[in-house]
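Below are the chains, spelled out letter by letter.
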Amino acid sequence: MTEKHIVLEDIDPVVFYGTGNSHLQMIRALFPKLRIVARDNVIRVLGDEEQMAIFEENVETMRKHVLKFNALKEEDIIDIIKGHKTKDEVPEGVVVYSMSGRPIKARSENQQRLIDAYQQNDMVFAVGPAGTGKTYLSIALAVKALKEKTAKKIILSRPAVEAGEKLGFLPGDMKDKIDPYLQPLYDALEDMLPQVKLQDMMEKHIIQIAPLAFMRGRTLSDAVVILDEAQNTTPAQIRMFLTRMGWNTKMIITGDMTQIDLPREQKSGLKEALHILRDIDGIRVVELNRKDIVRHKLVTRIVNAYEAFDKKKQHNNESINTD
């Protein structure tokens, strides 16, 4: 009797085993001559060597299926073990799958323009109001590059703009102080990668999340680099960031010009960069608008109301200046 240990790498074992180990029980039933014991991400198998070789091949096929689709259904297991043809290609238009198995793809024309711009250019600016999917879709493109091994790492950054409180007076060490600024990036990653795998990638610096100040002096190569909330950079900061670009690197810079949190006398670096770089070959600017908002329907109404308020305020100011 042969014994072998199979490690389920890069996937969430809970998805593989199924709710209440339902998938694992089905696999056991389909391989009655083998004794199969699973713990964490390791499957221990005992039995006939020939049967074990077939089992190992099927497990690897199922692992790749989970890696690609972040889901595994009972019919998938049966089709794989019975040798039937299964879907093995991600449908056209799908970037990646979320941890719930939901396809992440463009949900508007401008979101599709963002995906196309990323594929055709090395640097993309995605500018638009809250809720248009700029950050989420950008991180999905980065995760896809990592899974397809067209990039070796993901680097995510945000400017840590102090809103009322100084970082030095906040409790905790430096990580505790800056993590609240970076939480939206963590949230998106957790929706696309297994928690254990994400933690491992961060410990190995395959995925790096850091405030903008930590980018100084670095050359970022073989990576997808995302600068989020770029409207809150100063001209010097965004210039420093853009010139970190190394070989085989793609950059996505996202921002919302209606949410600048800089002091009133400070010019937004994103606004200046868009003016200077818009017509440079290899750089593409994609502008999203309220029609692209994919959050709760109230978000669109809120954005519309604030836009109307801003226009009225601007009109009143112009009238006062004229008088």
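Because the structure is a prediction, the values reported are computed rather than measured. (Residues numbered from 1 in each chain as written. Predicted model: local features only at pLDDT ≥ 70, side-chain atom pairs only at ≥ 80, totals over all residues. Heavy atoms only, no water.)

Q: Explain the pattern of salt bridges to me, please; I cannot follow it from the model alone.
A: When their charged atoms lie close together, side chains carrying opposite charge are able to pair. Using the criterion set out here, one finds 14 salt bridges in the structure. Among the ionic pairs, aspartate 10 bridges to lysine 197, the shortest N-O distance being 2.5 Å. Separated by 187 residues along the polypeptide, aspartate 10 in the loop between strand S1 (2–7) and helix H1 (13–17) and lysine 197 in helix H8 (residues 195–203) bring together distant segments of the chain. Ionic pairing is found between lysine 204 and aspartate 200, a salt bridge with its closest N-O pair at 3.3 Å. Lysine 204 sits in the exposed class, given a relative accessible area of 54%. A cluster of three or more residues bridged by salt bridges with shared partners is formed by Asp10, Lys197, Asp200 and Lys204. (Salt bridge = Lys/Arg side-chain N within 4 Å of Asp/Glu carboxyl O. Helix = DSSP H or I, 4+ residues; strand = E, 2+ residues; numbered from the N terminus. Buried < 20%, exposed > 50% of the residue type's maximum accessible area, 1.4 Å probe, protein only.)

Q: Hey, could you run me through the layout of surface pockets in this one?
A: Gaps left between atoms are located by rolling a probe of water-molecule size over the structure's atoms. Approximately 1,200 Å³ is the volume found for the largest pocket. Looking at the largest pocket, it is lined by 32 residues, and the ones nearest its centre are Met257, Thr258, Gln259, Ile260 and Asp310. Where the lining of the largest pocket is concerned, the elements lending two or more residues are helix H10 (269–277) and helix H11 (297–322). No other element matches H11, which puts 11 residues into the lining of the largest pocket. Of the residues belonging to the lining of the largest pocket, the class tally is 14 nonpolar, 8 polar and 10 charged. (1 Å grid on protein atoms, 1.4 Å probe; cavity = no way out; pocket = protein on both sides within 12 Å on 5 of 7 lines; lining within 4 Å. Points joined across faces, edges and corners; volume = space filled by probe spheres on them. Nonpolar A, V, L, I, M, F, W, Y, C, P; charged D, E, K, R; others polar.)

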